[in-house]
Amino acid sequence: MNIINRHCPHCGQPILQGALFCLDCGSRILGAAPTAGGRRLTNLGIPNVTVDLETLPSGSYIFVLEGVDKGCRFDLVDKATFIIGRDDADLSLQDPFISRRHTEIKSDKQRWLISDLSSTNGSFVNDIPAKGQELLDGDIIEVGYSTLMFRVKL
């Protein structure tokens, strides 16, 4: 059995090499960061990620940082609700580990809220399951094997 120097971000148990879920608590392992003495070394394994908004108009954006669609940008305009998923979703990703209707991002005109749509692999914001919480500028969203960043330019 190959145990690598990574631990479950939820229960702290060692993660088996290649595991997608913790064998102890069942939590999703995608995006787990290396640890030292039980402490996480980086936030979601993405050190010092920045996305330049300098040339963009005011608005809200989703940037794909990691995954099949790395480098793509989605502008959150003209609608109050967006679905992240495969195929005909509003924010369509080619990641085979996301559901057709994976995650919902909804605006109430004051803020953006994110919720998982009972997807198989879950949706996470800053390593916390997405259950209707507010998205803040710079938040990291994980769906399937894709890592996204939510940005707002005022």
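Our subject in this report is the structure included herewith. (Residues numbered from 1 in each chain as written. Predicted model: local features only at pLDDT ≥ 70, side-chain atom pairs only at ≥ 80, totals over all residues. Heavy atoms only, no water.)

### Description of the pattern of salt bridges
Applying the stated rule across the entire model yields seven salt bridges. The closest approach of N and O atoms between Lys70 and Glu66, which form a salt bridge, is 3.8 Å. Accessibility expressed as a relative area gives 53% for Lys70, which makes it exposed. Given a relative accessible area of 37%, Glu66 falls into the partly exposed group. Note that Arg111 and Glu134 form a salt bridge whose closest N and O atoms lie 4.0 Å from each other. Within this pair, whereas Arg111 is found in the loop between strand S9 (103–107) and strand S10 (112–116), its partner Glu134 is found in strand S13 (residues 131–135), the two being separated by 23 residues in sequence. Judged by relative accessible area, Arg111 falls into the partly exposed class, the value being 35%. Look at Glu134 and you get partly exposed, because its relative accessible area is 35%. Each member of the salt-bridge network shares a partner with another, and the members are Asp108, Arg111 and Glu134. (Salt bridge = Lys/Arg side-chain N within 4 Å of Asp/Glu carboxyl O. Buried < 20%, exposed > 50% of the residue type's maximum accessible area, 1.4 Å probe, protein only. Helix = DSSP H or I, 4+ residues; strand = E, 2+ residues; numbered from the N terminus.)

### As for the sheet that holds strand S7 (residues 81–85)
Spatially, S8-S7-S9-S10-S13 is the arrangement adopted by the five strands of the open sheet, whose pairing is mixed. Where the open sheet ends on each side, the last strands, each with one partner, are strand S8 (91–92) and S13. Bridge count between S7 and S8: two bridges; the pairing is parallel. By the bridge assignment, Gly85 is partnered in S8 with Ser92. (Pairing = 2+ DSSP bridges.)

### Digging into the sheet that holds strand S6 (residues 73–75)
An order of S6-S5-S15-S14-S11-S12 is seen for the six strands of this open sheet, with the pairing classed as antiparallel. Looking at strand neighbours, the two that pair on one side only are S6 and strand S12 (128–129), the edges of this open sheet. With three bridges joining them, strand S11 (residues 123–125) and strand S14 (residues 140–143) adopt antiparallel strand pairing. For Val125, the partnering residue across the bridge sits in S14 and is Ile141.

### Comments concerning unusual backbone geometry
Here the phi dihedral of Ser118 falls at roughly 55°; this positive angle occurs in a residue that is not glycine. With respect to the secondary-structure elements, Ser118 resides in the loop between S10 and S11. Residue classification places Ser118 among the exposed residues on the basis of a relative accessible area of 73%. Even without glycine at this site, Asp127 takes up a positive phi of about 75°.

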